[in-house]
Amino acid sequence: PAGLHHEQPLPPLVHPRSPGNAPVRAGLCHADSRQGRPQVAACRAVGGSIQQNIHSPALLFKLAQDACKTATPASAPPDTTLLGIALELGLQVMRMTLNTMTWRRREMVRWLVSCATEIGPQALMNIMQNWYSLFTPVEAATIVAVTGTTHATLSRLQLDAPRREELWACARTLALQCAMKDPQNCALPALTLCEKNHAAFEAAYQIVLDAAAGGLGHAHLFTVARYMEHRGLPLRAYKLATLALAQLSIAFNQDSHPAVNDVLWACSLSHSLGRHELSAIVPLIIRSIHCAPMLSDILRRWTLSAPGLGPLGARRAAKPLGADRAPLCQLLDAAVAAYIATSHSRLTHISPRHYGDFIEFLGQARETFLLAPDGHLQFAQFLENLKQTYKGKKKLMLLVRERFG
(Lines give C-alpha, C1' and ligand atoms only; values in the text may rest on other atoms or scores of the structure.)
Protein backbone atom coordinates (compact mmCIF):
# COMPACT_ATOMS: atom_id res chain seq x y z
CA PRO A 1 0.00 0.00 0.00
CA ALA A 2 1.07 3.58 -0.62
CA GLY A 3 3.12 5.15 2.12
CA LEU A 4 4.64 1.90 3.42
CA HIS A 5 7.60 1.65 0.98
CA HIS A 6 9.69 3.96 3.23
CA GLU A 7 9.17 1.76 6.29
CA GLN A 8 12.43 0.45 7.77
CA PRO A 9 12.82 -3.35 7.60
CA LEU A 10 12.10 -5.25 10.82
CA PRO A 11 14.93 -7.10 12.53
CA PRO A 12 14.69 -10.85 11.87
CA LEU A 13 12.92 -12.99 14.45
CA VAL A 14 15.05 -15.30 16.54
CA HIS A 15 14.93 -19.01 15.68
CA PRO A 16 12.70 -20.92 18.14
CA ARG A 17 15.66 -22.85 19.49
CA SER A 18 17.95 -19.86 19.77
CA PRO A 19 19.28 -19.32 23.30
CA GLY A 20 18.77 -15.58 23.20
CA ASN A 21 15.71 -13.39 22.83
CA ALA A 22 17.46 -10.07 22.22
CA PRO A 23 16.59 -9.89 18.48
CA VAL A 24 12.92 -10.52 19.20
CA ARG A 25 12.84 -7.92 21.95
CA ALA A 26 14.50 -5.51 19.55
CA GLY A 27 11.78 -6.27 17.03
CA LEU A 28 9.06 -5.49 19.54
CA CYS A 29 10.69 -2.25 20.60
CA HIS A 30 11.34 -1.29 16.98
CA ALA A 31 7.67 -1.85 16.22
CA ASP A 32 6.49 0.59 18.87
CA SER A 33 3.12 1.70 17.47
CA ARG A 34 3.39 5.19 18.93
CA GLN A 35 5.53 6.05 15.89
CA GLY A 36 2.44 6.08 13.65
CA ARG A 37 -0.23 4.00 11.95
CA PRO A 38 2.21 2.12 9.69
CA GLN A 39 4.02 0.87 12.75
CA VAL A 40 0.76 -0.48 14.21
CA ALA A 41 0.63 -3.02 11.42
CA ALA A 42 4.33 -3.78 11.90
CA CYS A 43 3.80 -4.18 15.62
CA ARG A 44 0.98 -6.66 15.05
CA ALA A 45 3.05 -8.51 12.45
CA VAL A 46 5.86 -8.97 14.96
CA GLY A 47 3.40 -10.16 17.61
CA GLY A 48 1.84 -12.67 15.24
CA SER A 49 5.23 -13.91 14.11
CA ILE A 50 6.32 -14.42 17.73
CA GLN A 51 3.21 -16.47 18.51
CA GLN A 52 3.76 -18.62 15.42
CA ASN A 53 7.47 -19.28 15.81
CA ILE A 54 8.32 -19.30 19.52
CA HIS A 55 7.27 -22.34 21.50
CA SER A 56 9.03 -21.74 24.81
CA PRO A 57 6.56 -20.52 27.49
CA ALA A 58 9.38 -18.97 29.51
CA LEU A 59 10.65 -16.97 26.52
CA LEU A 60 7.15 -15.92 25.53
CA PHE A 61 6.46 -14.76 29.06
CA LYS A 62 9.66 -12.72 29.12
CA LEU A 63 8.73 -11.12 25.82
CA ALA A 64 5.23 -10.34 27.11
CA GLN A 65 6.72 -8.67 30.17
CA ASP A 66 9.14 -6.65 28.05
CA ALA A 67 6.37 -5.56 25.68
CA CYS A 68 4.17 -4.48 28.58
CA LYS A 69 7.03 -2.54 30.17
CA THR A 70 7.85 -0.82 26.86
CA ALA A 71 4.18 0.02 26.31
CA THR A 72 3.77 1.72 29.69
CA PRO A 73 6.54 4.31 30.11
CA ALA A 74 6.32 6.52 33.17
CA SER A 75 6.47 9.78 31.19
CA ALA A 76 4.14 9.04 28.25
CA PRO A 77 0.68 7.64 27.55
CA PRO A 78 0.51 3.85 27.22
CA ASP A 79 0.82 2.19 23.82
CA THR A 80 -2.46 0.28 23.60
CA THR A 81 -1.41 -1.77 20.56
CA LEU A 82 1.78 -3.02 22.22
CA LEU A 83 -0.16 -3.66 25.42
CA GLY A 84 -2.61 -5.77 23.46
CA ILE A 85 0.25 -7.79 22.00
CA ALA A 86 1.72 -8.27 25.48
CA LEU A 87 -1.65 -9.54 26.67
CA GLU A 88 -1.98 -11.90 23.69
CA LEU A 89 1.46 -13.35 24.40
CA GLY A 90 0.49 -13.76 28.06
CA LEU A 91 -2.73 -15.53 27.11
CA GLN A 92 -0.77 -17.91 24.89
CA VAL A 93 1.58 -18.69 27.79
CA MET A 94 -1.46 -19.44 30.00
CA ARG A 95 -2.89 -21.83 27.43
CA MET A 96 0.46 -23.54 26.86
CA THR A 97 1.15 -24.15 30.54
CA LEU A 98 -2.40 -24.85 31.79
CA ASN A 99 -1.92 -28.61 31.92
CA THR A 100 1.80 -28.68 32.64
CA MET A 101 1.75 -26.34 35.67
CA THR A 102 5.18 -24.74 35.97
CA TRP A 103 6.37 -23.34 39.28
CA ARG A 104 6.03 -19.82 37.82
CA ARG A 105 2.30 -20.12 37.09
CA ARG A 106 1.23 -17.96 40.03
CA GLU A 107 3.59 -15.18 38.95
CA MET A 108 2.35 -15.48 35.37
CA VAL A 109 -1.32 -15.33 36.39
CA ARG A 110 -0.75 -12.24 38.55
CA TRP A 111 1.13 -10.54 35.75
CA LEU A 112 -1.65 -11.32 33.27
CA VAL A 113 -4.24 -9.68 35.55
CA SER A 114 -1.96 -6.67 35.91
CA CYS A 115 -1.49 -6.42 32.14
CA ALA A 116 -5.24 -6.69 31.51
CA THR A 117 -5.80 -3.97 34.11
CA GLU A 118 -3.43 -1.65 32.20
CA ILE A 119 -5.55 -2.15 29.07
CA GLY A 120 -8.87 -1.58 30.84
CA PRO A 121 -11.90 -3.18 32.50
CA GLN A 122 -13.13 -4.97 29.37
CA ALA A 123 -9.83 -6.83 29.00
CA LEU A 124 -10.01 -7.84 32.65
CA MET A 125 -13.59 -9.06 32.30
CA ASN A 126 -12.69 -10.95 29.13
CA ILE A 127 -10.08 -13.08 30.90
CA MET A 128 -12.56 -13.67 33.74
CA GLN A 129 -15.25 -14.80 31.31
CA ASN A 130 -12.85 -17.10 29.42
CA TRP A 131 -11.06 -18.51 32.45
CA TYR A 132 -11.75 -22.18 31.56
CA SER A 133 -9.13 -22.18 28.80
CA LEU A 134 -6.59 -20.11 30.74
CA PHE A 135 -6.60 -20.98 34.44
CA THR A 136 -7.28 -23.78 36.88
CA PRO A 137 -10.31 -23.20 39.14
CA VAL A 138 -7.99 -22.47 42.08
CA GLU A 139 -6.01 -19.88 40.09
CA ALA A 140 -9.17 -18.25 38.79
CA ALA A 141 -10.89 -18.07 42.19
CA THR A 142 -7.93 -17.17 44.41
CA ILE A 143 -5.83 -14.99 42.09
CA VAL A 144 -7.80 -13.69 39.10
CA ALA A 145 -11.11 -12.89 40.83
CA VAL A 146 -9.44 -11.60 43.99
CA THR A 147 -6.69 -9.52 42.34
CA GLY A 148 -9.15 -8.18 39.78
CA THR A 149 -11.35 -6.70 42.51
CA THR A 150 -8.79 -5.37 44.98
CA HIS A 151 -8.93 -1.72 46.00
CA ALA A 152 -5.67 -1.10 44.11
CA THR A 153 -7.07 -2.57 40.87
CA LEU A 154 -10.37 -0.71 41.15
CA SER A 155 -8.55 2.55 41.88
CA ARG A 156 -6.29 2.00 38.89
CA LEU A 157 -9.29 1.45 36.59
CA GLN A 158 -11.12 4.56 37.88
CA LEU A 159 -14.57 3.09 37.19
CA ASP A 160 -17.92 4.69 37.89
CA ALA A 161 -20.36 2.81 40.16
CA PRO A 162 -22.29 0.88 37.43
CA ARG A 163 -19.06 -0.21 35.70
CA ARG A 164 -17.49 -1.20 39.00
CA GLU A 165 -20.53 -3.34 39.84
CA GLU A 166 -20.28 -4.96 36.41
CA LEU A 167 -16.68 -5.98 37.17
CA TRP A 168 -17.69 -7.27 40.61
CA ALA A 169 -20.54 -9.28 39.08
CA CYS A 170 -18.14 -10.81 36.58
CA ALA A 171 -15.73 -11.78 39.40
CA ARG A 172 -18.56 -13.30 41.47
CA THR A 173 -19.78 -15.35 38.51
CA LEU A 174 -16.23 -16.57 37.97
CA ALA A 175 -15.90 -17.54 41.65
CA LEU A 176 -19.20 -19.45 41.63
CA GLN A 177 -18.21 -21.34 38.48
CA CYS A 178 -14.91 -22.30 40.12
CA ALA A 179 -16.72 -23.44 43.27
CA MET A 180 -18.96 -25.70 41.21
CA LYS A 181 -15.98 -27.10 39.31
CA ASP A 182 -13.75 -27.61 42.38
CA PRO A 183 -15.76 -27.13 45.60
CA GLN A 184 -13.02 -28.61 47.75
CA ASN A 185 -10.57 -25.80 46.97
CA CYS A 186 -12.81 -23.00 45.73
CA ALA A 187 -15.96 -22.99 47.89
CA LEU A 188 -14.46 -20.88 50.67
CA PRO A 189 -12.81 -18.33 48.32
CA ALA A 190 -16.16 -18.04 46.50
CA LEU A 191 -18.05 -17.41 49.73
CA THR A 192 -15.51 -14.79 50.76
CA LEU A 193 -15.69 -12.99 47.42
CA CYS A 194 -19.51 -13.05 47.42
CA GLU A 195 -19.98 -11.77 50.99
CA LYS A 196 -21.39 -8.38 49.96
CA ASN A 197 -23.94 -9.77 47.50
CA HIS A 198 -26.78 -11.70 49.10
CA ALA A 199 -27.86 -13.66 46.03
CA ALA A 200 -24.31 -14.70 45.14
CA PHE A 201 -23.53 -15.63 48.75
CA GLU A 202 -26.66 -17.81 48.88
CA ALA A 203 -25.61 -19.48 45.63
CA ALA A 204 -22.14 -20.20 47.02
CA TYR A 205 -23.64 -21.63 50.21
CA GLN A 206 -25.92 -23.89 48.16
CA ILE A 207 -22.90 -25.13 46.20
CA VAL A 208 -21.31 -26.18 49.51
CA LEU A 209 -24.48 -28.02 50.57
CA ASP A 210 -24.67 -29.80 47.21
CA ALA A 211 -20.99 -30.69 47.40
CA ALA A 212 -21.49 -32.15 50.88
CA ALA A 213 -23.99 -34.59 49.41
CA GLY A 214 -21.52 -35.32 46.63
CA GLY A 215 -18.62 -36.23 48.87
CA LEU A 216 -17.00 -32.97 50.04
CA GLY A 217 -14.85 -34.14 52.96
CA HIS A 218 -15.45 -33.41 56.64
CA ALA A 219 -12.28 -31.30 56.93
CA HIS A 220 -13.45 -28.84 54.26
CA LEU A 221 -16.97 -28.75 55.67
CA PHE A 222 -15.64 -27.93 59.14
CA THR A 223 -13.49 -25.16 57.63
CA VAL A 224 -16.50 -23.56 55.92
CA ALA A 225 -18.58 -24.08 59.10
CA ARG A 226 -16.02 -22.15 61.18
CA TYR A 227 -16.04 -19.42 58.52
CA MET A 228 -19.85 -19.18 58.82
CA GLU A 229 -19.61 -18.80 62.59
CA HIS A 230 -16.98 -16.09 62.13
CA ARG A 231 -19.37 -14.32 59.76
CA GLY A 232 -22.04 -14.33 62.48
CA LEU A 233 -24.14 -17.11 60.94
CA PRO A 234 -24.17 -19.76 63.70
CA LEU A 235 -27.15 -21.75 62.41
CA ARG A 236 -25.48 -22.23 59.03
CA ALA A 237 -22.26 -23.13 60.83
CA TYR A 238 -24.22 -25.71 62.81
CA LYS A 239 -25.81 -27.14 59.65
CA LEU A 240 -22.42 -27.59 57.99
CA ALA A 241 -20.95 -29.05 61.17
CA THR A 242 -23.66 -31.70 61.28
CA LEU A 243 -22.96 -32.57 57.63
CA ALA A 244 -19.28 -32.91 58.48
CA LEU A 245 -20.00 -35.14 61.47
CA ALA A 246 -22.15 -37.40 59.31
CA GLN A 247 -19.06 -38.14 57.19
CA LEU A 248 -16.69 -38.62 60.10
CA SER A 249 -15.66 -41.77 61.91
CA ILE A 250 -13.22 -41.72 64.84
CA ALA A 251 -12.24 -45.19 66.04
CA PHE A 252 -11.78 -46.28 69.67
CA ASN A 253 -7.99 -45.77 69.52
CA GLN A 254 -7.89 -42.47 67.62
CA ASP A 255 -7.53 -40.06 70.54
CA SER A 256 -5.31 -37.81 68.39
CA HIS A 257 -7.46 -37.84 65.24
CA PRO A 258 -6.97 -34.61 63.20
CA ALA A 259 -10.69 -33.81 63.50
CA VAL A 260 -10.79 -33.88 67.33
CA ASN A 261 -10.65 -30.08 67.68
CA ASP A 262 -13.29 -29.63 64.98
CA VAL A 263 -15.62 -32.05 66.77
CA LEU A 264 -15.15 -30.26 70.10
CA TRP A 265 -15.83 -26.93 68.37
CA ALA A 266 -19.04 -28.33 66.81
CA CYS A 267 -20.15 -29.60 70.22
CA SER A 268 -19.47 -26.22 71.80
CA LEU A 269 -21.42 -24.49 69.02
CA SER A 270 -24.45 -26.77 69.40
CA HIS A 271 -24.41 -26.28 73.19
CA SER A 272 -24.31 -22.50 72.79
CA LEU A 273 -27.26 -22.53 70.39
CA GLY A 274 -29.60 -24.34 72.75
CA ARG A 275 -31.12 -27.61 73.87
CA HIS A 276 -32.79 -28.36 70.53
CA GLU A 277 -29.53 -28.15 68.55
CA LEU A 278 -27.68 -30.10 71.21
CA SER A 279 -30.31 -32.86 71.22
CA ALA A 280 -30.10 -33.13 67.44
CA ILE A 281 -26.32 -33.49 67.38
CA VAL A 282 -26.09 -36.18 70.10
CA PRO A 283 -27.05 -39.09 67.77
CA LEU A 284 -24.49 -37.85 65.23
CA ILE A 285 -21.78 -37.80 67.89
CA ILE A 286 -22.67 -41.33 69.01
CA ARG A 287 -22.66 -42.59 65.42
CA SER A 288 -19.37 -40.92 64.46
CA ILE A 289 -17.23 -41.07 67.61
CA HIS A 290 -16.21 -44.41 69.10
CA CYS A 291 -13.30 -43.08 71.16
CA ALA A 292 -14.26 -43.41 74.85
CA PRO A 293 -12.09 -40.55 76.28
CA MET A 294 -13.44 -38.22 73.59
CA LEU A 295 -17.06 -39.11 74.32
CA SER A 296 -16.56 -38.57 78.05
CA ASP A 297 -14.82 -35.23 77.38
CA ILE A 298 -17.79 -34.03 75.30
CA LEU A 299 -20.18 -35.23 78.00
CA ARG A 300 -18.36 -33.30 80.73
CA ARG A 301 -18.21 -30.11 78.66
CA TRP A 302 -21.97 -30.27 78.10
CA THR A 303 -22.72 -30.68 81.81
CA LEU A 304 -20.71 -27.62 82.91
CA SER A 305 -23.35 -25.03 81.99
CA ALA A 306 -26.90 -24.81 80.71
CA PRO A 307 -27.33 -24.95 76.91
CA GLY A 308 -28.03 -21.70 75.17
CA LEU A 309 -25.98 -19.61 77.60
CA GLY A 310 -23.00 -19.11 75.31
CA PRO A 311 -22.24 -15.96 73.33
CA LEU A 312 -24.48 -17.15 70.48
CA GLY A 313 -27.39 -18.51 72.50
CA ALA A 314 -30.44 -16.85 74.00
CA ARG A 315 -29.81 -16.12 77.69
CA ARG A 316 -32.32 -17.59 80.05
CA ALA A 317 -32.30 -19.00 83.55
CA ALA A 318 -31.69 -22.73 83.30
CA LYS A 319 -29.82 -25.45 85.11
CA PRO A 320 -26.96 -27.40 83.53
CA LEU A 321 -28.04 -30.64 81.93
CA GLY A 322 -27.67 -33.83 83.93
CA ALA A 323 -25.60 -36.60 82.37
CA ASP A 324 -28.25 -39.14 83.43
CA ARG A 325 -31.13 -37.33 81.70
CA ALA A 326 -32.14 -36.81 78.10
CA PRO A 327 -30.54 -35.90 75.81
CA LEU A 328 -27.19 -36.63 77.50
CA CYS A 329 -28.11 -40.04 78.92
CA GLN A 330 -27.68 -41.53 75.44
CA LEU A 331 -24.19 -40.08 75.25
CA LEU A 332 -23.37 -41.40 78.72
CA ASP A 333 -24.49 -44.89 77.70
CA ALA A 334 -22.36 -44.64 74.55
CA ALA A 335 -19.30 -43.50 76.54
CA VAL A 336 -19.68 -46.35 79.06
CA ALA A 337 -20.11 -48.89 76.24
CA ALA A 338 -17.04 -47.47 74.48
CA TYR A 339 -14.93 -47.82 77.64
CA ILE A 340 -16.05 -51.45 78.04
CA ALA A 341 -15.40 -52.34 74.38
CA THR A 342 -12.04 -50.53 74.34
CA SER A 343 -10.93 -52.27 77.56
CA HIS A 344 -11.58 -55.70 76.06
CA SER A 345 -9.85 -54.67 72.83
CA ARG A 346 -6.75 -53.43 74.66
CA LEU A 347 -6.57 -56.49 76.91
CA THR A 348 -6.53 -58.88 73.95
CA HIS A 349 -2.94 -58.03 73.03
CA ILE A 350 -1.65 -56.09 76.05
CA SER A 351 1.99 -56.37 77.13
CA PRO A 352 3.31 -55.81 80.70
CA ARG A 353 4.88 -52.48 79.77
CA HIS A 354 1.37 -51.12 79.04
CA TYR A 355 -0.20 -52.25 82.33
CA GLY A 356 0.27 -48.82 83.92
CA ASP A 357 -1.43 -47.06 81.00
CA PHE A 358 -4.34 -49.48 81.20
CA ILE A 359 -4.83 -48.84 84.93
CA GLU A 360 -4.98 -45.09 84.18
CA PHE A 361 -7.50 -45.81 81.42
CA LEU A 362 -9.68 -47.69 83.92
CA GLY A 363 -9.45 -44.67 86.23
CA GLN A 364 -10.86 -42.47 83.47
CA ALA A 365 -13.54 -45.04 82.81
CA ARG A 366 -14.61 -45.03 86.46
CA GLU A 367 -15.10 -41.24 86.39
CA THR A 368 -17.48 -41.66 83.46
CA PHE A 369 -19.32 -44.63 85.02
CA LEU A 370 -19.93 -42.56 88.17
CA LEU A 371 -21.90 -39.97 86.20
CA ALA A 372 -24.76 -42.51 86.12
CA PRO A 373 -26.99 -43.00 89.20
CA ASP A 374 -25.97 -46.66 89.44
CA GLY A 375 -22.44 -45.97 88.27
CA HIS A 376 -20.77 -47.58 91.31
CA LEU A 377 -22.61 -50.84 90.71
CA GLN A 378 -21.99 -50.79 86.95
CA PHE A 379 -18.26 -50.22 87.42
CA ALA A 380 -17.99 -52.97 90.05
CA GLN A 381 -19.72 -55.42 87.71
CA PHE A 382 -17.43 -54.34 84.87
CA LEU A 383 -14.32 -54.96 87.00
CA GLU A 384 -15.62 -58.34 88.13
CA ASN A 385 -16.15 -59.33 84.53
CA LEU A 386 -12.58 -58.28 83.68
CA LYS A 387 -11.15 -60.30 86.58
CA GLN A 388 -13.01 -63.43 85.49
CA THR A 389 -12.30 -63.06 81.78
CA TYR A 390 -8.61 -62.21 82.12
CA LYS A 391 -7.69 -64.10 85.30
CA GLY A 392 -4.70 -65.53 83.44
CA LYS A 393 -3.10 -62.07 83.49
CA LYS A 394 -2.36 -62.36 87.20
CA LYS A 395 0.00 -59.40 87.53
CA LEU A 396 -2.43 -57.07 85.76
CA MET A 397 -5.41 -58.26 87.81
CA LEU A 398 -3.36 -57.73 90.95
CA LEU A 399 -2.80 -54.11 89.88
CA VAL A 400 -6.54 -53.74 89.23
CA ARG A 401 -7.36 -54.99 92.73
CA GLU A 402 -4.77 -52.70 94.32
CA ARG A 403 -6.20 -49.64 92.56
CA PHE A 404 -9.92 -50.37 92.55
CA GLY A 405 -10.47 -53.14 95.08
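Residues numbered from 1 in each chain as written. Predicted model: local features only at pLDDT ≥ 70, side-chain atom pairs only at ≥ 80, totals over all residues. Heavy atoms only, no water.

1. Points about the packing of aromatic side chains
So, step 1. Under the criterion given, the structure shown has eight aromatic pairs.
So, step 2. Residues Tyr339 and Phe361 carry aromatic rings whose centres are separated by 5.1 Å and whose planes lie at 55° to one another, so their mutual orientation is tilted. Here Tyr339, found in helix α17 (residues 328-348), pairs with Phe361, found in helix α18 (residues 355-369); they are 22 residues apart in sequence, far enough to count as distant.
So, step 3. The class of Phe361 is buried, set by a relative accessible area of 5%.
So, step 4. Taking 5.6 Å as the distance between ring centres and 75° as the angle between the ring planes, the aromatic pair formed by Phe379 and Phe404 counts as edge-to-face. Here the residue Phe379 occupies a position in helix α19 (residues 375-389), and Phe404 occupies one in helix α20 (residues 394-404), the gap between them amounting to 25 residues. (Phe/Tyr/Trp six-rings, centres within 6.5 Å; stacked < 30°, edge-to-face > 60°. Helix = DSSP H or I, 4+ residues; strand = E, 2+ residues; numbered from the N terminus. Buried < 20%, exposed > 50% of the residue type's maximum accessible area, 1.4 Å probe, protein only.)

2. Looking at unusual backbone geometry
So, step 1. Omega for the bond connecting Ala326 with Pro327 falls within 30 degrees of zero, at 5°, which places this linkage in the cis form.
So, step 2. Tracing the chain through its elements places Pro327 in the loop between α16 (292-303) and α17.
So, step 3. Positive phi outside glycine occurs at Gln158, with the angle close to 50°.

3. Remarks on the environment of Ala58
So, step 1. Mapped onto the secondary structure, Ala58 falls in helix α3 (residues 57-71).
So, step 2. Ala58 sits in the partly exposed class, given a relative accessible area of 43%.
So, step 3. Sequence spacing of Ala58 and Met108 is 50 residues, and the spatial spacing of their C-alpha atoms is 9.8 Å.

4. Overview of the environment of Arg95
So, step 1. Its location among the elements puts Arg95 in helix α4 (residues 80-97).
So, step 2. By relative accessible area, which is 42% here, Arg95 ends up partly exposed.
So, step 3. For the pair Arg95 and Ser133, spaced 38 residues apart in sequence, the C-alpha to C-alpha distance is 6.4 Å.
So, step 4. Those residues in contact with Arg95, other than ones at most four positions away along the chain, are Ser133 and Leu134. (Contact = heavy atoms within 4.5 Å.)

Remember, this is a structural readout, not a statement about activity or role.
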